[in-house]
Amino acid sequence: MESFGRVAVLYGGPAGEREVSLESGRNVLEALQAQGIDVVGIDAMPGTLPAQLQASGAQRVFNMLHGRFGEDGVVQGCLETLGLPYTGSGVLASSLAMDKLRSKWLWHGAGLPTPEFRIVRGETADWTELVAVLGLPLMVKPIREGSSLGISKVNALEALPAAVAEARRFDDTVIIERFIKGQETTVGILERQPLPVIRLETAREFYDYTAKYLADDTRYLIPSGLGETVERRLQELALQAFDALGCSGWGRVDFMVDEAGQPWLLEINTVPGMTSHSLVPMAAKAAGIDFATLTRRILAGAQCQMQARAG
Ligand SMILES: Nc1ncnc2c1ncn2[C@@H]1O[C@H](COP(=O)(O)OP(=O)(O)O)[C@@H](O)[C@H]1O
Ligand SMILES: [Mg+2]
């Protein structure tokens with residue numbers, strides 16, 4: 001087995017997804033420990049992280065921080081500066097993937113399908129015109145958040161201003177997206193290889209925070225039931241979307257597939273969940289990769305991009 005030296009698992013952090021990150025991080029930490037790897041956990045906070053890392057004696061980092069600070073390029077920049085190899089995407093790709101607006105612009109520019117949208121920067125907009133262009137229902141999203149926090153599905157024009165105000169609690173910039181009626185799917189990526197497609201079924205209006213973490217009636221289907229052609233298309237698009245943002249290591253690409261079987265890109269998660277409900281471990285398992293092997297392979301892919309370029 002490879003020798004990794006001392007490994008720090010970063011978890012917790014200041015973001016809205018702190019609780020999820022703690023759970024993901026503990027799972028990873030236990031799995032690495034059980035394989036005899038020398039591992040320490042760090043509840044990573046801005047300001048103290050560089051000192052925490054140096055005090056830990058870590059030689060390599062498994063980043064399990066979700067959301068802002070840990071998933072958006074900030075921690076990645078700190079790790080580059082300290083010269084510590086870390087799992088997942090580098091600075092630029094992490095920042096881009098955390099920003100749904102910039103991700104969509106890049107995909108659009110690269111000719112990849114993502115639902116039509118409009119940007120709302122202030123508190124007001126011409127709601128009637130937005131609805132005329134994008135139709136109803138609509139999805140309203142803060143551009144830099146995760147776990148469906150601040151996201152709503154809007155079924156009526158009158159509900160739009162309140163949904164935008166809610167999204168603005170999480171970010172000054174909000175996007176309003178055409179609603180794609182159809183099936184929800186996600187594709188995990190490990191070492192630039194797409195994992196089996198998962199289709200999600202929820203009795204709720206969409207895959208919201210409750211459906212993700214609390215409900216026990218959310219269904220996960222592998223194989224997805226969408227057929228081989230659509231699955232292959234989803235895997236191909238997932239990798240293209242991953243490459244368009246310059247992602248590396250591992251990640252997870254979220255899609256809606258419309259009723260004609262056309263996939264639409266929603267977002268990329270560069271630090272996907274590793275909880276007992278989480279999707280990448282589920283897809284890996286379907287590909288014959290158990291949780292321990294998954295964590296070890298992600299860790300083996302850790303790099304410091306400045307060193308990779310220099311070397
Ligand atoms: N354009 C859309 N059409 C239909 N459903 C959507 C659309 N955008 C998002 N959703 C629903 O909202 C969920 C969360 O959206 P997503 O963009 O993946 O943000 P998050 O970062 O919070 O996961 C999706 O998993 C899906 O259920
Ligand atoms: Mg998502």
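Throughout what follows, the structure given in this document is the object of discussion.

With respect to the coordination of the magnesium ion (ligand 2)
- Taken together, the protein donors to the magnesium ion (ligand 2) comprise D254 (OD) and E267 (OE), at separations of 1.9 to 2.2 Å. You can see D254 sitting in strand 12 (residues 250–258) and its partner E267 sitting in strand 13 (residues 263–269), a full 13 residues away along the chain. Of the two residues examined, D254 and E267, each falls in the buried class.

Observations regarding the pattern of salt bridges
- Applying the stated criterion across every chain yields a total of 22 salt bridges.
- A salt bridge links D99 to R144; the nearest nitrogen and oxygen atoms lie 3.9 Å apart. Note that D99 is positioned in the loop between helix 4 (91–98) and helix 5 (100–109) and R144 in the loop between strand 5 (138–142) and strand 6 (152–154), a separation of 45 residues in sequence.
- Taking the relative accessible area as the measure of exposure, D99 reaches 6% and is therefore buried.
- With relative accessibility at 30%, the residue R144 sits in the partly exposed group.
- R233 is the salt-bridge partner of E236, the closest N and O atoms lying 3.0 Å from each other. Taken together, the positions of E236 and R233, both in helix 9 (residues 228–244) and three residues apart, correspond to about one turn of that helix.
- Several salt bridges converge on common partners, so that one network encompasses R68, D99, R102, R144 and D171.

Focus on the nonpolar core
- Grouped together as the largest cluster of nonpolar side chains are 29 residues, with contacts concentrated most on V9, L32, F62, M64, W250 and L294.
- Of all elements in the fold, only strand 1 (7–11), helix 1 (18–34), strand 10 (198–201), helix 10 (279–286) and helix 11 (291–300) reach the threshold of two or more residues within this core.
- Both domains that meet at this core, namely domain 1 (7–87) and domain 2 (96–112 + 181–286), each give it at least three residues.
- Sequence-distant contacts of L294, defined by excluding residues within four places in its chain, comprise L190, M274, V280, P281, A284 and I289.

A closer look at the site of ligand 1
- Taken together, 21 residues surround ligand 1, and among them K100, K141, S148, E177 and E184 come closest.
- Between ligand 1 and S148 there is a distance of 2.5 Å, counted from an oxygen atom to a backbone nitrogen or oxygen.
- Across the complex, the protein chains shield 99% of the 550 Å² of accessible surface that ligand 1 would expose by itself.
- Only strand 5, strand 7 (174–178), strand 12 and strand 13 provide two or more residues apiece to the shell around ligand 1.
- Residue classes in the shell around ligand 1 are distributed as nine nonpolar, three polar and nine charged.

Section: helix 6 (residues 127–134)
- When we look at burial in helix 6, the residues that qualify are W127, L130, V131 and L134. For helix 6, the angular spread of the buried residues around the axis is 95°, confining them to a single face. Along helix 6, exposed side chains directed more than 90 degrees from the buried face belong to T128 and A132.
- Its buried side turned inward, helix 6 meets strand 4 (117–120), strand 5, helix 7 (160–168) and strand 7.

Focus on the pairing of strand 5
- Counting buried positions along strand 5 yields five of five residues, so the element is predominantly enclosed.
- On strand 5, burial covers both faces: L138, V140 and P142 on one face and M139 and K141 on the other are all buried.
- Inspection of the sheet shows strand 5 paired to strand 6 by three bridges, in the antiparallel sense. Looking across to strand 6, one finds that L138 is bridged to V154.
- By the bridge criterion, five bridges tie strand 5 to strand 7 in an arrangement that is antiparallel. By the bridge assignment, L138 is partnered in strand 7 with R178.

Scoring rules and cut-offs
Residues numbered from 1 in each chain as written. Chains lettered and ligands numbered in written order. Predicted model: local features only at pLDDT ≥ 70, side-chain atom pairs only at ≥ 80, totals over all residues. Heavy atoms only, no water. Donors = N, O, S within 2.8 Å, 3.2 Å for Na, K, Ca; no water. Helix = DSSP H or I, 4+ residues; strand = E, 2+ residues; numbered from the N terminus. Buried < 20%, exposed > 50% of the residue type's maximum accessible area, 1.4 Å probe, protein only. Salt bridge = Lys/Arg side-chain N within 4 Å of Asp/Glu carboxyl O. Core = buried A, V, L, I, M, F, W, Y, C linked by side-chain atoms within 4.5 Å. Domains from an automatic or database assignment. Contact = heavy atoms within 4.5 Å. Near = heavy atom within 4 Å. Polar contact = N/O pair within 3.5 Å; in protein donor to acceptor, adjacent residues only side chain to side chain. Areas by Shrake-Rupley, 256 points an atom, 1.4 Å probe, with all protein chains shown as cover. Nonpolar A, V, L, I, M, F, W, Y, C, P; charged D, E, K, R; others polar. Arc of directions from axis to C-beta. Pairing = 2+ DSSP bridges.

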